[in-house]
Amino acid sequence: MMDMAVWQEYLKLLDNLGNTLEKLTEIERSKTAAVSGGNLHGVEECMKQEQVISLSLRGMDQKREKMLAQLGLTGVPLRELEARGPRETHMETRRTVEALRRKYDVFRSASEVARNTLECNLHAIEQVQKAKDAPPLEDQPRQADFRA
């Protein structure tokens, strides 16, 4: 017999994971806009936010693995949860899984756009970074203009 409290907590974890994916999707969209606009600072901010969220995702994944073990479902893919979960929660499980898959698909799409935009604009970003790291014009050595 499956522990209903753990199952409900697991479904809640999946909902939270979906919410986190929505946040990541927004960050990816912001990153795409920042890259397209040549806003290097904006890109850096988005990347910092992604790092913070990736740490929380690792924690969520560890918790998910632990809960699956408690439920006797270690290694069971998301698509099989409805069939393997408690019968009285089939509809709720289906809604939760479908919502998570949709949010993941939207995130993956936004992430791909951001990655492609970043790759296309990488050279321009590198030039901005070099210019940013270069000494100001007044500090650069001047070339003399000698004419014979």
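Conventions and cut-offs
Residues numbered from 1 in each chain as written. Predicted model: local features only at pLDDT ≥ 70, side-chain atom pairs only at ≥ 80, totals over all residues. Heavy atoms only, no water. Helix = DSSP H or I, 4+ residues; strand = E, 2+ residues; numbered from the N terminus. Buried < 20%, exposed > 50% of the residue type's maximum accessible area, 1.4 Å probe, protein only. Contact = heavy atoms within 4.5 Å. Areas by Shrake-Rupley, 256 points an atom, 1.4 Å probe, with all protein chains shown as cover. Salt bridge = Lys/Arg side-chain N within 4 Å of Asp/Glu carboxyl O. 1 Å grid on protein atoms, 1.4 Å probe; cavity = no way out; pocket = protein on both sides within 12 Å on 5 of 7 lines; lining within 4 Å. Points joined across faces, edges and corners; volume = space filled by probe spheres on them. Nonpolar A, V, L, I, M, F, W, Y, C, P; charged D, E, K, R; others polar. pLDDT = per-residue confidence, 0-100. Phe/Tyr/Trp six-rings, centres within 6.5 Å; stacked < 30°, edge-to-face > 60°. Axes fitted to C-alpha atoms, helices over the stretch in contact; angles between N-to-C directions. Parallel < 35°, antiparallel > 145°, perpendicular 65-115°, else oblique. Left-handed = near helix turned anticlockwise from the far one by under 90°.

Novice: Which residues make up the overall build of the chain, and what values do they have?
Specialist: The helix and strand tally for the chain stands at 4 helices and 0 strands. Ordered by position from the N terminus, the helices and strands of the chain form the series α-α-α-α. Within the chain, the fraction of its 148 residues that count as buried is 30%. Within the chain, counting contacts between residues at least 6 apart in sequence, those at least 24 apart form 75% of the total. When the accessible surface of the chain is summed, it comes to about 10300 Å², and 52% of that surface belongs to carbon and sulfur atoms.

Novice: An account of the pattern of salt bridges is needed here, citing residue identities and associated values.
Specialist: One pass over the structure, following the stated rule, counts 12 salt bridges. Across the pair Arg29 and Glu26 runs a salt bridge, and its minimum N-O distance is 3.1 Å. Here Arg29 and its partner Glu26 are both found in helix H1 (residues 4-36), 3 residues apart, which amounts to about one turn of the helix. For Glu26, a relative accessible area of 44% gives the class partly exposed.

Novice: Tell me about the side chain of Glu50, and please be specific about residues and values.
Specialist: Note on placement: Glu50 falls in helix H2 (residues 40-70). A residue is classified by how much of its surface remains accessible, and Glu50, at 16% relative accessible area, is buried. The contact partners of Glu50, leaving out residues within four places of it in the chain, are Leu24, Ile27, Glu28 and Lys31.

Novice: Help me get a handle on the layout of surface pockets, residues and values and all.
Specialist: There is about 200 Å³ of room inside the largest pocket. Going through the elements one at a time, H1, H2 and helix H4 (90-133) are the ones with two or more residues in the lining of the largest pocket. Here the lining of the largest pocket takes 4 residues from H1, the largest share from any one element. Tallied by class, the residues present in the lining of the largest pocket amount to 10 nonpolar, no polar and 2 charged.

Novice: Can you tell me about the confidence of the model for the chain, naming the residues and giving the values?
Specialist: Taken residue by residue, the chain gives an average pLDDT of 87. The fraction at 70 or more is 86%. Taken element by element, the predicted model of the chain shows its lowest mean pLDDT in H4 (87) and its highest in H1 (95). Of the regions scoring below 50 in pLDDT, residues 137-148 engages in 2 contacts with residues more than four places distant in sequence or in other chains.

Novice: Talk me through the packing of aromatic side chains; I want residue IDs and the actual numbers.
Specialist: In total, this model carries 2 aromatic pairs according to the counting rule given. Plain terms: the ring middles of Trp7 and Tyr10 are 5.9 Å apart, the flat faces sit at 40 degrees to each other, and that makes the pair tilted. Here Trp7 and its partner Tyr10 are both found in helix H1, 3 residues apart, which amounts to about one turn of the helix.

Novice: Please provide a residue-by-residue account of the packing of H1 against H2, values included.
Specialist: It is the contact of H1 with H2, at a shortest axis distance of 10 Å, that shows an interaxial angle of 165 degrees. Here H1 is positioned roughly antiparallel relative to H2, judged by the angle of their axes. Between H1 and H2 the crossing geometry is left-handed.

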